[in-house]
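Residues per chain, in single letters:
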Amino acid sequence: MKPNNSTHPAARSIARAACATLIATLLFAANSQALPNDREQPVKVSADKLEANRSKNLSVYSGNVVISQGSLQIRADRVEVHGNTKGEINKVVATGKPAHFQQQVEESTTPVKARAKRIEFLVSSDALQLTGEAFVDRDGNTLSAERIDYDLNSEQMQAQGQSEQKRVEMIWKPESKPAQNDQ
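Residues numbered from 1 in each chain as written. Predicted model: local features only at pLDDT ≥ 70, side-chain atom pairs only at ≥ 80, totals over all residues. Heavy atoms only, no water.

1. Topic: the overall build of the chain
Stated formally: Secondary structure elements follow DSSP: runs of H or I of four or more residues count as helices, runs of E of two or more count as strands, with numbering from the N terminus. Throughout, exposure labels follow a simple rule: accessible area from a 1.4 Å probe, protein chains only, divided by the maximum for the residue type, with under 20% read as buried, over 50% as exposed, and the rest as partly exposed. Any two residues whose heavy atoms approach within 4.5 Å are treated as being in contact. For the area figures, the Shrake-Rupley method with a 1.4 Å probe applies, and any residue is considered shielded solely by the protein chains shown.
A tally of regular secondary structure across the chain gives 1 helix and 10 strands. Helices and strands appear in the chain in the N-to-C order α-β-β-β-β-β-β-β-β-β-β. Here the chain holds 183 residues, and the buried ones make up 34% of them. Intrachain contacts of the chain at a sequence separation of at least 6 include 38% that bridge at least 24 residues. Put simply, the chain shows about 11,600 Å² of open surface, and 47% of that area lies on carbon and sulfur atoms.

2. Quick look at the side chain of Asn 141
Structurally, Asn 141 is set in strand β8 (residues 141-151). A relative accessible area of 17% means that Asn 141 is categorised as buried. Sequence-distant contacts of Asn 141, that is, excluding residues within four places in its chain, are made with Val 136, Ile 171, Trp 172 and Lys 173.

3. Looking at the pattern of salt bridges
Rules: By salt bridge we mean one thing: a side-chain nitrogen of Lys or Arg within 4 Å of a carboxyl oxygen of Asp or Glu.
Counted by the stated rule, this structure contains 5 salt bridges. Ionic pairing is found between Glu 51 and Lys 49, a salt bridge with its closest N-O pair at 3.0 Å. Among the residues examined, Lys 49 registers a relative accessible area of 43% and is labelled partly exposed.

4. So, the environment of Leu 130
Relative to the helices and strands, Leu 130 is located in strand β7 (residues 127-138). Ignoring sequence-local partners within four residues, the contact set of Leu 130 consists of Ala 114, Ala 116, Arg 118, Ile 119, Phe 135, Val 136, Glu 146, Arg 147 and Ile 148.

5. Focus on the environment of Val 136
Assignment of secondary structure puts Val 136 in strand β7. Owing to a relative accessible area of 4%, Val 136 belongs among the buried residues under this scheme. Put simply, Val 136 and Ala 116 are 20 residues apart on the chain and 9.0 Å apart in space, counted from C-alpha to C-alpha. When near neighbours in sequence (up to four residues on either side) are disregarded, Val 136 contacts Val 112, Lys 113, Ala 114, Leu 130, Asn 141, Thr 142, Leu 143 and Ile 148.

6. A closer look at the nonpolar core
Condition: We call a set of buried residues a nonpolar core when its members are Ala, Val, Leu, Ile, Met, Phe, Trp, Tyr or Cys and they connect through side-chain atoms within 4.5 Å of each other.
Core analysis: the biggest nonpolar cluster contains 28 residues, and Val 79, Ala 94, Phe 101, Ile 119, Leu 128, Leu 130 and Ile 148 have the highest contact counts within it. Mapped by element, the contributors of at least two residues to this core are β3 (58-69), β4 (72-83), β5 (89-103), β6 (112-122), β7 and β8. Here Val 79 is in contact with Ser 59, Val 60, Tyr 61, Val 65, Ile 67, Val 92, Val 93 and Ala 94, once residues within four sequence places are set aside.

7. Digging into the confidence of the model for the chain
Applied cut-off: Summary of the metric used: pLDDT quantifies the predictor's per-residue confidence within the range 0 to 100.
Averaged over the chain, the pLDDT score is 77; the fraction of residues at 70 or greater is 73%. Mean pLDDT across the secondary structure elements of the chain bottoms out at helix α1 (residues 9-30), with 42, and peaks at strand β2 (residues 49-53), with 94. Low confidence marks residues 1-32, where pLDDT is under 50. Its contacts with residues over four positions away, or in another chain, come to 42 contacts.

8. A look at the pairing of β2
So the rule is basically this: Two strands are counted as paired when DSSP detects at least two bridges linking them.
As paired strands, β2 and β3 are joined by 5 bridges and run antiparallel to one another. Looking at the pairing, Leu 50 lines up with Tyr 61 of β3. Between β2 and β3, which pair antiparallel one after the other, the connecting turn spans 4 residues, and Asn 57 there sits at a positive phi close to 50°.

9. Side note on unusual backbone geometry
Following Lys 97, the chain continues into Pro 98 via a peptide bond in cis, with omega recorded as -5°. Of note, Pro 98 is situated in strand β5. With a phi angle near 50°, Asn 64 is a residue other than glycine that sits in the positive phi range. For Asn 64, the location among the structural elements is in strand β3. You will see that Glu 133, though not glycine, has its phi angle at about 55°, which is positive. For Glu 133, a relative accessible area of 48% puts it in the partly exposed group.

Here's what the structure looks like:
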């Protein structure tokens, strides 16, 4: 999409506001498992380039894309935000070598971290689909596979490898035992 120098500044402002609204809607929907104050934080988006097509309800950010809100952070080479005719977000697709997703879900834990060549967030079902060298880390417990499906509401996961060379691997840290006082 080439810039149109004859576009009225007010029209450009409206288009920017529509894109910001799409991203904010996405991030608020994704925060169902987030820290309570994440929803109150501003949404920050930075990228080298933005292409928005309102008739297709599609915004594409490319080049060093970083989206953040509170503890949530998405980093990717490219992020597509797909909407419907009502302006609601249906799907967000982040791609990279790899793309990264991170969010702290509880105050006392480290952030959940995920990475894959492709991260697809299906808004209506609150589901993440990680494909291509997928990896999830929660408090040092890790899961790696060619594909990981992660339900954010129930925190259930399914993982699969493509072949014997790309198997599912899970590593669990032993639970730390509370220290006992000598008495």
